Amino acid sequence: MRILQTVILGLSLLCITSCSHKEKENKLEKPNIVWVMLEDISHDFECYGMPAVKTPTFNALAEEGTLYYNCYGTASICSTNRSAMMVGAHQRLTNTHHHRSNREEPLASPFQPFTYLLKQQGYTNVLGHKNVMKKGRKIDVNFKHKPIGKWEEDYGLFDKFDEFTAEDQPFFAQIQLAVTHRGDWWTEVREQSEHPVNPAEVQLPPEYADHPAIRLDWAKYLDQVEYADNEMKMLIEELKAKGVYDNTVIIVIGDNGRCNIKGKGYLHDPGSRIPLIIKWPEGYEHDKESQQIIASTDITATILDIAGVELPDYLTGQSFIDENFDRKNVYSYRGLWDEIPEQVSSITGERFRYIRNDKPEIPYDAHQGYLEWYRPAVHVMRSLSEEGKLNEIQQRWFEPTKPQEELYDFINDPFETHNLANNPEYKDVLKQMRQETLEMDQQMSPVSKVYDPKIVPGLAPVNFVKEHYPKEYQRMLDGEEIGYKKYSKLYKKHLAKEKSKSVQSK
């Protein structure tokens, strides 16, 4: 009997050990996923053909993996597109389509962040990286959340900060490369660059005036792209040093287009088309469809598919590694951005882009506070516009209204300089895309009417600089970024002082 008990105990221990080993093997069979998100960037890597910039790391990654040419955001502003990607469903449907709104409102049922679904599948979710600028922890989504925690208990999205290890496998790491976002560090990055981009070598799109300040600003932007390339190199070297590179999917993406004219905040090509590079581990290769149309929400669905998650019915994104994937167009939407209550819908297909402006009375150049600080080209070109020195294409950006409808053949007109909406030769295309947009407006009707936007100061800090620091204000008009952070602090001190005076006078 004692011998039998010993045999049974031994078999039980063997089973437990074997099962535990099998679970560990299965856990490691799932690929790691590293999502590197650059901020405010269009097709501005060397591998996409951008002149003057050097991006050897992104080039090599594209060579090893797949470089996608037709990936579009469902929004052109960071928090709204990030909200869509974090859920895998269009931001308008989930009522997260207004910039930095509803931050205390939980996601409506049945929507859930994809990190929660990954965790259920055994993934460790890592946010940020200790060695990138600002530590790469930006989340910026328009629903109630915490960076670290348990979703079902306290709306936590990730498990840990800053470091992935072999023991964390399989892991999902979301790392933001903030350097390309407009910021007070741009001049410092350029000054520290071993080979700053030569302003004389940059090629400006036709909607930009060829002016020294605008060329310098573009060169500074490309300096930030090169800095991001170095950060990407560091991340790849770490993955290799830890022995996890071969089993890791690396996804490089932008959150929206570049922060400049027709870019971030607008649904034209520079604002909606975003970079996408994916390095695939063995068994997941996908290198034959680099021209297919992809929505930013499709990337979320693809991540879940790679991780072995059964895709929820509420997703509006599709897995583009699925053999049945066949997206024909991308529906994008622009709502509130700070103090500008826009309402713009668009459809982008294989050749044409249709844009419907429901508030044509709001001009492209809406004098938005944020953009006053961060778009030197606008200041320079406003002055040139007043002097009558802009050509027809450049002047359109400064008209008092914008067209109610826009239609562009971006294959034959990549800079979208010819609006075909009133061209009778394209009336059938216009009619079809108008109808498709209306149908998508209905399909993506928000599940909730809650509207709780963040209050922003708008033009008040700019007017403060104009009044109290006229020399610095003139520098802004001349196309120089004078430092938002510095003057924002001075403005807040001014408000506090004025408030104190008001209280004392009572």
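Structure: see above.
Owing to the predicted nature of the structure, the values given are computational and were not obtained by experimental measurement.

### Re the nonpolar core
In globular proteins that are soluble, nonpolar side chains generally tend to be buried together. Counting residues in each nonpolar core, the largest one holds 75 residues, and the members touching the most others are L38, F45, M232, V252 and I277. Here M232 is in contact with V36, T57, F58, L61, I250 and V252, once residues within four sequence places are set aside. Among the nonpolar cores identified, the runner-up in size contains 57 residues, and M86, L93, L117 and L315 belong to it.

### Description of the pairing of strand β12 (residues 340-348)
Across the nine residues of β12, seven count as buried, placing the element largely inside the fold. Two successive antiparallel strands, strand β11 (residues 330-337) and β12, enclose a turn made up of two residues, where D338 displays a positive phi of approximately 55°. Looking at chain direction, β12 and strand β13 (residues 352-357) are connected through five bridges and run antiparallel. Within β13, the position partnered with T348 by the bridge is R353.

### Overview of the packing of aromatic side chains
Going through the model one piece at a time under the given rule, you end up with 26 aromatic pairs. Aromatic pair W35 and F172: ring centres 6.1 Å apart, planes at 75°, arrangement edge-to-face. Placement of the pair is W35 in strand β1 (residues 32-38) and F172 in strand β7 (residues 171-177), with a sequence separation of 137 residues. With a centroid separation of 5.5 Å and 85° between ring planes, the pair formed by W151 and Y155 is classed as edge-to-face. Judged by relative accessible area, W151 falls into the buried class, the value being 12%. Relative accessible area serves as the criterion here: at 26%, Y155 is assigned to the partly exposed category. Aromatic ring contacts, followed pair by pair, group W337, Y370, W373, Y374 and Y484 into a single cluster.

### Topic: a positive patch on the surface
On the surface, K134, K454, K485, K489, K492 and K493 cluster together into a patch of positive charge. As for its position among the elements, K134 is in the loop between β3 (124-127) and β4 (146-148).

### Some thoughts on unusual backbone geometry
With the exception of glycine, the majority of residues adopt a negative phi angle, and the majority of peptide bonds are in the trans configuration. Backbone torsion omega between S109 and P110 reads 10°, so that peptide bond is classified as cis. Residue position: P110 is located in the loop between α3 (78-87) and α4 (114-120). A cis amide bond links Q169 with the next residue in sequence, P170, at an omega value of -10°. Its place among the elements puts P170 in the loop between β6 (160-161) and β7. Its identity as a non-glycine residue notwithstanding, D40 has a phi of 50°, on the positive side. Positionally, D40 belongs in the loop between β1 and α2 (56-64). A positive phi angle, near 80°, is found at A52, a position not held by glycine. Within the secondary structure, A52 sits in the loop between β1 and α2.

Rules used in this analysis
- Residues numbered from 1 in each chain as written.
- Predicted model: local features only at pLDDT ≥ 70, side-chain atom pairs only at ≥ 80, totals over all residues.
- Heavy atoms only, no water.
- Core = buried A, V, L, I, M, F, W, Y, C linked by side-chain atoms within 4.5 Å.
- Buried < 20%, exposed > 50% of the residue type's maximum accessible area, 1.4 Å probe, protein only.
- Contact = heavy atoms within 4.5 Å.
- Helix = DSSP H or I, 4+ residues; strand = E, 2+ residues; numbered from the N terminus.
- Pairing = 2+ DSSP bridges.
- Phe/Tyr/Trp six-rings, centres within 6.5 Å; stacked < 30°, edge-to-face > 60°.
- Patch = residues over 30% accessible without salt bridge, like charges linked within 9 Å, V, L, I, M, F, W, Y side chains within 5 Å.
- Areas by Shrake-Rupley, 256 points an atom, 1.4 Å probe, with all protein chains shown as cover.
- Salt bridge = Lys/Arg side-chain N within 4 Å of Asp/Glu carboxyl O.
- Lys, Arg positive; Asp, Glu negative; His and termini not counted.
- Charge placed at Lys NZ, Arg CZ, Asp CG, Glu CD.

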